[in-house]
Amino acid sequence: MNKQFTPPWWANNPHIQTILPLLFKVARPTTFRQRQELDDGDFIDLDWLGSPQNGDPIMVIIHGLEGSADSHYARRMLLASKAAKLCAVVHHHRGCSGEPNRLARSYHSGDTQDLHHTLQQLKHYYPESPLFAVGYSLGGNVLAKYQGEFQDKSLIDRAVVISAPLQLAACAEKLEHGFSKVYQNFLLKKLRKKMRLKLKTPIIGKQMPISRWQLRKLRTFEAFDDKVTAPLHGFTGVADYYQKASALPYLKKVCKPTLVIHAMDDPFMTAAVMPQEHEMSANVSYEAHEFGGHVGFIAGGFPWKPRFYLEPRVLSFLLQSNP
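This write-up is about the structure you can find in this document. (Residues numbered from 1 in each chain as written. Predicted model: local features only at pLDDT ≥ 70, side-chain atom pairs only at ≥ 80, totals over all residues. Heavy atoms only, no water.)

## Let's talk about helix α4 (residues 138-150)
Right, so step 1: Spanning 13 residues, α4 covers 18 Å between terminal C-alpha atoms, matching the ideal 18 Å at 1.5 Å per step.
Right, so step 2: Within α4, 12 of the 13 residues are buried, which leaves the element mostly enclosed by the surrounding structure.
Right, so step 3: Residues of α4 that are buried: L138, G139, G140, N141, V142, L143, A144, K145, Y146, Q147, G148 and F150.
Right, so step 4: Where α4 is buried, its residues touch β3 (58-62), α3 (112-125), β5 (131-136), β6 (158-162), α9 (238-245) and β7 (258-263).
Right, so step 5: Q151 sits one or two residues past α4 and shows a positive phi near 50°. (Helix = DSSP H or I, 4+ residues; strand = E, 2+ residues; numbered from the N terminus. Expected span 1.5 Å × (residues − 1). Buried < 20%, exposed > 50% of the residue type's maximum accessible area, 1.4 Å probe, protein only. Contact = heavy atoms within 4.5 Å.)

Spelled out as structure tokens, the structure:
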């Protein structure tokens, strides 16, 4: 850990760090939407802040599970990018931009191909523009896996990975216990609602692998991923999905500068998620802070107007002013 994050006295609890930012969102800046049609008949939506000229750096924001450009961390990163006069774009996972995607499949923690498609489009239209990226939670796992999977062919020049579940099985286990079950229930409610809509709506190609009655019985991430995520995305089961989609084994293959940030009190994580030095390449910088919760990192201010560590840290690393 080469930087120090210290929370204020009123926010040194992991659940305050995790929940408070959800309650006091900053205003969302004005964005415009671009739809990318995919070869498989589906689409990905991008929300743009600003219109880059070729050669201007572009910040790519990758949201977490059931997140969007409206997520508290995405809003703050958009505002911070605007203040830094940096063009930014939110890459929405399939079905997360406010409109259901067309296929039975959706997105998952190891889905690097959709991200790569977006990056290829950015490079096609802005070949001289450096691409920076920040990924949060599930989006952070996708970003870390992409960096290790594509290695020196990664289209991202510098990346920051925040609160990523780099070992999916360990995170699924953690979320079945104690207060962490509250977060599991909250997210699963969203996932089941989305799946219920798909079960009632005509979709292209592969049909849903589960009935509405069976869906109601899925009360853990492990069960949902085994019966829904895995079969929809070509995995043989939940163990196969968790093994192949976890980004931790890919960190030692990363060839582009990448910063990974975790909080040791993250209610979504265990120590198994946090990489050891031998598991990372020399191109990975790692920060494991004692506090911070899950995508929290409240650094000061007041409970009704908190100030955050992440945005200035992300920009300092990506813009190399304080790597």
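So, next bit.
## Quick notes on the layout of surface pockets
Right, so step 1: The calculated volume of the largest pocket comes to roughly 920 Å³.
Right, so step 2: For the largest pocket, the lining is made up of 46 residues, of which G64, L65, S137, L187 and F268 are closest to its centre.
Right, so step 3: Where the lining of the largest pocket is concerned, the elements lending two or more residues are α1 (14-23), α2 (72-83), α5 (168-174), α6 (180-200), α8 (221-232) and α9.
Right, so step 4: Across the lining of the largest pocket, the residue classes tally to 27 nonpolar, 13 polar and 6 charged. (1 Å grid on protein atoms, 1.4 Å probe; cavity = no way out; pocket = protein on both sides within 12 Å on 5 of 7 lines; lining within 4 Å. Points joined across faces, edges and corners; volume = space filled by probe spheres on them. Nonpolar A, V, L, I, M, F, W, Y, C, P; charged D, E, K, R; others polar.)

## Things to note about helix α10 (residues 310-318)
Right, so step 1: Most of α10 sits inside the fold, with 8 of its 9 residues counted as buried.
Right, so step 2: Three or more residues of α10 are buried, namely L310, E311, R313, V314, L315, S316, F317 and L318.
Right, so step 3: Q320 sits one or two positions beyond α10 and adopts a positive phi of about 65°.

## Side note on the sheet that holds strand β2 (residues 43-49)
Strand pairing within a sheet occurs via backbone hydrogen bonds; the two strands may be parallel or antiparallel.
Right, so step 1: Taken in spatial order, the 8 strands of this open sheet run β1-β2-β4-β3-β5-β6-β7-β8, and their pairing is mixed. The open sheet has two edge strands with one neighbour each: β1 (32-37) and β8 (284-289). On average, adjacent strands in this sheet sit at an angle of 20° to one another, irrespective of strand direction.
Right, so step 2: Sheet contacts for α10: β3, β5, β6, β7 and β8; angle to β6, the most-contacted strand, approximately 155°. (Pairing = 2+ DSSP bridges. Axes fitted to C-alpha atoms, helices over the stretch in contact; angles between N-to-C directions.)

## Here we look at the packing of aromatic side chains
Right, so step 1: The final tally for this structure, using the stated rule, is 12 aromatic pairs.
Right, so step 2: Relative to Y183, the ring of F179 lies with its centre 5.8 Å away and its plane at 80°, an arrangement referred to as edge-to-face.
Right, so step 3: Grouped by ring-pair contacts, the aromatic residues F5, F297 and Y309 constitute a single cluster.
Right, so step 4: Above the ring of F43, the side-chain terminus of R35 is found at 3.8 Å from the ring centroid.
Right, so step 5: In this arrangement the basic side chain of R158 is found over the ring face of F317, its NZ or CZ atom lying 4.4 Å from the centre. (Phe/Tyr/Trp six-rings, centres within 6.5 Å; stacked < 30°, edge-to-face > 60°. Lys NZ or Arg CZ within 6 Å of the ring centre and 35° of its normal.)

## Topic: empty space enclosed by the protein
Right, so step 1: All chains considered together, the criterion is met by 1 cavity of 30 Å³ or more.
Right, so step 2: Taken as a whole, the largest cavity holds about 30 Å³ of empty space.
Right, so step 3: Every residue lining the largest cavity is listed: I44, H91, H92, H93, R94, Y107, D111 and D114.

## A short note on unusual backbone geometry
Right, so step 1: You will see that E66, though not glycine, has its phi angle at about 60°, which is positive.
Right, so step 2: Positionally, E66 belongs in the loop between β3 and α2.
Right, so step 3: In this structure, V295 is a non-glycine residue whose phi angle is positive, near 50°.
Right, so step 4: Tracing the chain through its elements places V295 in the loop between β8 and β9 (298-302).
Right, so step 5: A residue is classified by how much of its surface remains accessible, and V295, at 3% relative accessible area, is buried.

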